[in-house]
Amino acid sequence: QVQLVESGGGLVQPGGSLRLSCTAIGTIFSVYDMGWYRQAPGKQRELVATITSSSSSNYADSVKGRFTISRDNAKNTVYLQMNSLKPEDTAVYYCNAVGPTRSQYWGQGTQVTVSS
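Residues numbered from 1 in each chain as written. Predicted model: local features only at pLDDT ≥ 70, side-chain atom pairs only at ≥ 80, totals over all residues. Heavy atoms only, no water.

Draft legend 1. Layout of the overall build of the protein chain. A tally of regular secondary structure across the protein chain gives 0 helices and 11 strands. Its helices and strands in sequence order give the protein chain the pattern β-β-β-β-β-β-β-β-β-β-β, from N to C terminus. Since a compact globule built from 116 residues should have a radius of gyration of about 13 Å, the 13 Å found for the protein chain is in line with a globular shape. Considered along the principal axes of its C-alpha atoms, the protein chain spans approximately 40 × 25 × 25 Å. For the protein chain, the residues scored as buried account for 43% of the 116 residues in total. Sequence separation of at least 24 residues holds for 53% of the intrachain contacts in the protein chain that already meet a minimum separation of 6. (Helix = DSSP H or I, 4+ residues; strand = E, 2+ residues; numbered from the N terminus. Rg over C-alpha atoms; globule rule 2.2 N^0.38 Å. Buried < 20%, exposed > 50% of the residue type's maximum accessible area, 1.4 Å probe, protein only. Contact = heavy atoms within 4.5 Å.)

Draft legend 2. Local environment of the sheet that holds strand β1 (residues 3-7). If you trace the 4 strands from one edge of the open sheet to the other, you get β1-β3-β8-β7, paired in antiparallel fashion. Looking at which strands have only one partner, the edges of the open sheet turn out to be β1 and β7 (67-72). The average angle at which neighbouring strand axes cross in this sheet is 15°, direction not considered. Relative to strand β8 (residues 77-82), β7 runs antiparallel, the two sharing 6 bridges. (Pairing = 2+ DSSP bridges. Axes fitted to C-alpha atoms, helices over the stretch in contact; angles between N-to-C directions.)

Draft legend 3. Just the environment of Gly9, in detail. Mapping Gly9 onto the fold places it in the loop between β1 and β2 (10-12). The exposure class assigned to Gly9 is partly exposed, which follows from its relative accessible area of 33%. Gly9 sits 84 residues away from Tyr93 along the chain, and the two C-alpha atoms are 8.1 Å apart. Each residue touching Gly9, except ones within four places of it in the same chain, is listed here: Leu18, Leu20, Thr110, Gln111 and Val112.

Here is the structure:
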């Protein structure tokens, strides 16, 4: 069973930065495509960024140029560096893993609040 453990959320002022981490337990991390999604109150969960097993990345238009997704296969960890944060980035952020057989796993979520 794959377990995804997220960390790094918190409260930050507009214009600030945070780095989210997601560590995978119980799997061969390097073969998984990884992603970050977010869900704001009253809204549907939306894709933020993805990174494939070959480290090809993709971003939502709303975060391009501000967020960077990366992975460290030696640490079984995917990161989301978030810069120039805006109040509209406030949401619960979820880590996602998709395996070679398209099996899918989610983390428990970490709250990010951008407010002055």
